[in-house]
Amino acid sequence: MLRALRDHWPNYCIEGTGLGLFMLATAGIVILIESAASPLLQWMPDPTIRRIPIGVGVGVVAIAIIYSPWGKRSGAHLNPAVTLTFFRLGKLAPWDACFYVLAQFIGGWLGVLTAAALWQRLFTDPPVRYIITVPGMGGWPLALITEFCLALGLMLVILFSSNQPRFSQYTGLLAGCLVASYIVFTAPISGMSINPARTFASALPAQVWTSFWIYYFMPPLGMLTAAELYLNITHRPPRTLCGKLCPNHETPCPCRNCCRDQG
């Protein structure tokens, strides 16, 4: 444990800060579009139309973090489900995975607290309400299926693109575009989380735990299922996989059995 902290503490800080900034930026985007005080609410009365700029904005934020120097160093997981999947694939040591997940939960929560301090009731009151994720139309059964399928799809895209030389540099772009489309089309169904730390970050200060178990279990289950499908389809050994959303040779790699070592 102490060796992991000594060697990789910058990566843990990056993961926490990255999700914190993501939550802060997402809060600002949602307030700008959805807040009752925003003039944009009058220009875009249709909630489906409003989700388009929200999705695009959040997707751009995700892409910017993934391709930032920090994101390139830690791998820009920003999601315990992503980290657990790469741990399953042998890309992270146990203590690294634990500290990644811990940092993501703390960082996301601090990002939400910062948003609450900055924007106060604009952020804490409806309709924004801490940007919580709860089941929508169809109730918890449809939210459960949706979160599983979204996580499965996202991780399949990440694995197939990041481990193909021709497409690896586009992994972050593809992931960000997928997140944007998820928000537009599925936010009314599940709230579009696919991230246990993201849901926890909003649920804790809001004290809204409605069907939290869905957002806690389904994203990891979906992404771990994607990893098994990928391995069975490609027959690639885990040691050849990359554990970053933006594979690069510019920064130290946190991965075990680093893919750079394979050629």
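Residues numbered from 1 in each chain as written. Predicted model: local features only at pLDDT ≥ 70, side-chain atom pairs only at ≥ 80, totals over all residues. Heavy atoms only, no water.

The name given to the protein in an unreviewed UniProt entry is Aquaporin, and the organism recorded there is Lyngbya confervoides BDU141951. What the UniProt record of the protein gives under Subcellular location (unreviewed entry) is the line "Membrane". (UniProt positions renumbered as here; feature names shortened; annotations may be inferred.)

### A short note on the environment of Thr-124
Within the fold, Thr-124 resides in helix 7 (residues 121-124). Residues within four places of Thr-124 in sequence aside, it is in contact with Ala-116, Arg-129 and Tyr-130. (Helix = DSSP H or I, 4+ residues; strand = E, 2+ residues; numbered from the N terminus. Contact = heavy atoms within 4.5 Å.)

### Observations concerning the environment of Gly-153
With respect to the helices, strands and loops of the structure, Gly-153 is situated in helix 8 (residues 139-162). For Gly-153, a relative accessible area of 21% gives the class partly exposed. Setting aside its immediate chain neighbours within four residues, Gly-153 contacts Leu-178 and Tyr-182. (Buried < 20%, exposed > 50% of the residue type's maximum accessible area, 1.4 Å probe, protein only.)

### Remarks on the UniProt feature "transmembrane region" (unreviewed entry) in the protein
The UniProt record annotates "transmembrane region" (unreviewed entry) at residues 12-32, 52-70, 97-119, 139-160, 172-192 and 212-231. In the segment residues 172-192, helix accounts for 90% and strand for 0%; the C-alpha atoms at its two ends are 18 Å apart. Summarising residues 212-231: 100% helix, 0% strand, and an end-to-end C-alpha distance of 30 Å.

### Details of the pattern of salt bridges
This model, assessed by the stated rule, comprises three salt bridges. Across the pair Glu-34 and Arg-50 runs a salt bridge, and its minimum N-O distance is 3.1 Å. A residue pair is termed long-range when its members are at least 10 positions apart, and Glu-34 in helix 1 (residues 2-34) and Arg-50 in helix 3 (residues 47-67) qualify at 16 residues. Both residues of the pair, Glu-34 and Arg-50, belong to the buried class. Between Arg-88 and Glu-228 there is a salt bridge, with its nearest N and O atoms 2.6 Å apart. Of this pair, Arg-88 sits in helix 5 (residues 80-88) while Glu-228 sits in helix 11 (residues 212-234), placing them 140 residues apart in sequence. Assessed through its relative accessible area of 36%, Arg-88 is described here as partly exposed. (Salt bridge = Lys/Arg side-chain N within 4 Å of Asp/Glu carboxyl O.)

### Remarks on the packing of aromatic side chains
Under the definition given, this model contains eleven aromatic pairs. Judged by centre distance (5.9 Å) and plane angle (80°), the rings of Tyr-12 and Tyr-100 are edge-to-face. Within this pair, whereas Tyr-12 is found in helix 1, its partner Tyr-100 is found in helix 6 (residues 94-119), the two being separated by 88 residues in sequence. A relative accessible area of 6% means that Tyr-12 is categorised as buried. Considering the side-chain rings of Phe-105 and Phe-200, the 5.3 Å spacing of their centres and the 70° angle between planes classify their relative orientation as edge-to-face. Taken together, the positions of Phe-105 in helix 6 and Phe-200 in helix 10 (residues 196-206) put the pair 95 residues apart, joining distant regions of the chain. Pairwise contacts between aromatic rings join Phe-105, Phe-200, Trp-209, Phe-212, Tyr-216 and Phe-217 into one cluster. (Phe/Tyr/Trp six-rings, centres within 6.5 Å; stacked < 30°, edge-to-face > 60°.)

### Looking at a nonpolar patch on the surface
Taken together, the side chains of Ile-49, Ile-52, Val-56 and Val-60 present a nonpolar region at the surface, about 320 Å² in accessible area. Assignment of secondary structure puts Val-60 in helix 3. (Patch = residues over 30% accessible without salt bridge, like charges linked within 9 Å, V, L, I, M, F, W, Y side chains within 5 Å. Areas by Shrake-Rupley, 256 points an atom, 1.4 Å probe, with all protein chains shown as cover.)

### Some thoughts on the environment of Leu-19
Position of Leu-19 among the secondary structure elements: in helix 1. In this structure, the C-alpha to C-alpha distance between Leu-19 and Val-112, residues 93 residues apart in sequence, is 9.9 Å. Every residue in contact with Leu-19, bar those within four places of it in the chain, is listed here: Leu-78, Gln-104, Gly-107, Gly-108, Asn-195, Ala-197 and Arg-198.

### Re the confidence of the model for the protein
Averaged over the protein, the pLDDT score is 91; the fraction of residues at 70 or greater is 92%. Across the protein, element-level confidence peaks in helix 10 with a mean pLDDT of 98 and bottoms out in helix 2 (residues 40-43) with 83. (pLDDT = per-residue confidence, 0-100.)

### Re helix 5
Buried within helix 5 we find Pro-80, Ala-81, Val-82, Thr-83, Thr-85 and Phe-86. Turning to helix 5, the residues buried within the fold contact helix 6, helix 8, helix 10 and helix 11. Capping the start of helix 5, Asn-79 holds a side-chain oxygen 2.8 Å from the backbone nitrogen of Ala-81, two or three residues further along. Looking one or two residues past helix 5, Gly-90 carries a phi angle of roughly 80°, positive in sign. (Polar contact = N/O pair within 3.5 Å; in protein donor to acceptor, adjacent residues only side chain to side chain.)

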